[in-house]
Amino acid sequence: MAFSFGFFNSKNLDRTYTAENFNEYLSSIICDGIQDTYGAAFRPTANKLQLTIGSGKAWIDGHYFISDSSYSIDLSKYVDESLARYVSVGICCNTGESYRNIGFEVLPGTPATSPNIPYFTNSSTKTYLTVCVVRLSAGATELDVRDYRSSETYCGYVRCILGKCKVTAMMTLLEEANGTIEDLKTANDELRSQISELRAAMEDYCGEIVETGQIGENVFYTLYSNGTLLVRGTGATYDYDLAKNTSPLYNNDTIQKIIISAGVTYIGEAMFYKSKELTEVVLPNTVTAIGWVSFSNCSKFKTVNIPASLETIGSMAFSSSDIKSITIPKTVKTLSKYAFQEGRLNEVRIEAETIGDMAFTRNESITKVTIASTVKKFGASVFAYSTRIKSFVYEGSMEMWNAITKSASWFSGSDEFMPKIECIDGDIIYDKETKTWNEVKKNA
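Residues numbered from 1 in each chain as written. Predicted model: local features only at pLDDT ≥ 70, side-chain atom pairs only at ≥ 80, totals over all residues. Heavy atoms only, no water.

Undergrad: Mind showing me how you'd approach the side chain of Ser-386 here?
TA: As for its placement among the helices and strands, Ser-386 is situated in the loop between strand E27 (377–378) and strand E28 (391–394). A distance of 3.2 Å separates the side chain of Ser-386 from the backbone nitrogen of Asn-363, its partner in a polar contact. With sequence-adjacent residues up to four places away left out, Ser-386 is seen in contact with Phe-360, Thr-361, Arg-362, Asn-363 and Phe-411. (Helix = DSSP H or I, 4+ residues; strand = E, 2+ residues; numbered from the N terminus. Polar contact = N/O pair within 3.5 Å; in protein donor to acceptor, adjacent residues only side chain to side chain. Contact = heavy atoms within 4.5 Å.)

Undergrad: Even after reading the chapter, I still don't get the layout of surface pockets, so can you show me in this structure?
TA: Vacant regions in the atomic arrangement are exposed by a probe of water-molecule size rolled over the atoms. Approximately 310 Å³ is the volume found for the second largest pocket. Residue lining of the second largest pocket: 18 residues in total, with Tyr-38, Gly-39, Met-398, Asp-425 and Lys-441 positioned closest to the centre. Within the residue set of the lining of the second largest pocket, elements represented by two or more residues are helix H3 (398–403) and strand E32 (436–441). No other element matches H3, which puts three residues into the lining of the second largest pocket. (1 Å grid on protein atoms, 1.4 Å probe; cavity = no way out; pocket = protein on both sides within 12 Å on 5 of 7 lines; lining within 4 Å. Points joined across faces, edges and corners; volume = space filled by probe spheres on them.)

Undergrad: Help me understand the pairing of strand E2 (residues 44–47), please; the structure alone is not making it clear to me.
TA: The side chains of a regular strand alternate between both faces of the sheet. With four bridges connecting them, E2 and strand E3 (residues 50–53) associate as antiparallel partners. From the neighbouring strand, Pro-44 faces E3, where its bridge partner is Ile-53. Connecting E2 to the next strand, E3, in antiparallel fashion are two residues, including Lys-48 with a positive phi near 60°. (Pairing = 2+ DSSP bridges.)

Undergrad: How should the sheet that holds strand E13 (residues 219–224) be read in this particular structure?
TA: The strands making up a sheet are joined through hydrogen bonds of the backbone, oriented either antiparallel or parallel. The strand order across the open sheet built from six strands is E12-E13-E14-E16-E18-E20, with neighbouring strands paired in mixed fashion. Looking along the sheet, the strands with just one partner apiece sit at the ends: strand E12 (209–216) and strand E20 (303–304). Alignment of E13 against strand E14 (residues 228–233), held across five bridges, turns out to be antiparallel. Counterpart to Val-219 in the pairing with E14 is Gly-233.

Pasting the structure below:
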């Protein structure tokens with residue numbers, strides 16, 4: 001029977017500890033894997049026959065490995081001109097007395113007509129995390145990269161250093177809960193739309209109808225005396241010519257609330273332009289696009305739900321409105337230019353892939369901006385003349401931020417109002433004198 005204990009301060013060298021003692025201790029509370037809060041989490045990308053592994057941090061058996069910049073591997077030497085093969089790329093922790101290090105390792109498979117994937121084999125001195133597997137076709141000029149980082153069998157993530165204490169499982173449950181929340185949000189949007197439709201339908205029986213009309217091949221509207229406009233039907237509404245004021249609802253001073261029924265897929269150009277008394281719009285989960293200036297110059301417009309079905313927000317669609325807070329969901333692929341210009345927004349959260357030129361220009365009330373890691377492209381002067389922004393948060397790493405395609409004047413046409421970009425691993429600060437962005441890592 002034996003007892004062990006630690007760690008205590010040494011007195012007269014009566015307590016001594018080795019690296020192995022710390023490794024053993026750390027391995028008991030930190031599960032092996034990639035730490036997804038550091039850098040690009042070893043994200044693999046390819047350019048022709050060049051494989052690039054992004055920056056990252058990994059833990060293996062209590063040992064840590066950090067790569068603070070991208071690492072490139074030329075795989076051209078593994079190309080067979082007549083047969084295909086697989087190549088595995090991983091991180092190897094070698095505790096052998098002659099090595100005692102961690103680094104990247106390449107394991108080529110055997111060329112064959114139907115090649116097999118080679119897998120790293122752990123030993124008493126070597127432990128592996130497989131980052132990716134690359135398929136090289138016969139005479140290949142491009143790489144077919146298969147990301148293995150999320151595989152719990154071959155790699156996996158360390159989402160919390162207490163992974164072996166079931167916190168990693170809790171994180172998985174949290175992700176599932178987040179998915180459930182998204183589903184509930186979608187269901188809530190649908191329920192809200194249905195309730196609004198039912199209320200409007202009551203007007204058909206006990207309310208006074210002020211006006212009716214057709215605004216699409218299969219889309220019709222009813223305007224009630226209480227200011228509610230109900231749009232029913234299926235498919236797209238018409239586009240209208242703003243210059244000729246052709247929309248039957250143009251410059252309307254009666255409409256206060258618009259309810260779009262499920263089945264309508266598109267809100268046409270200049271449809272509700274300058275509805276001066278409009279305060280609220282309810283959109284169903286069937287709308288996929290909102291056209292140019294659809295709700296523009298509705299100066300009292302305060303409330304709108306952006307449904308998960310929406311893919312495109314047209315140019316100037318919500319310009320000059322009184323909306324205070326907005327979230328653009330990741331389903332929106334294109335947030336067009338001038339979409340929310342000259343508004344009175346206070347807070348903005350953007351998940352859309354593309355943010356158009358001047359999308360939020362002249363919103364002088366904005367104080368907080370949150371950019372999700374799903375954003376891939378910024379247009380020019382997105383926040384031009386929005387000079388009161390105090391918090392600008394990016395929900396990704398600095399490397400991921402730098403990978404976003406950005407116009408040279410992505411934020412503003414002026415250097416005076418460049419904000420600090422707060423990333424998960426540090427801040428990016430603009431130097432007005434040198435006109436450069438400088439990275440300041442956390443705990444640096």
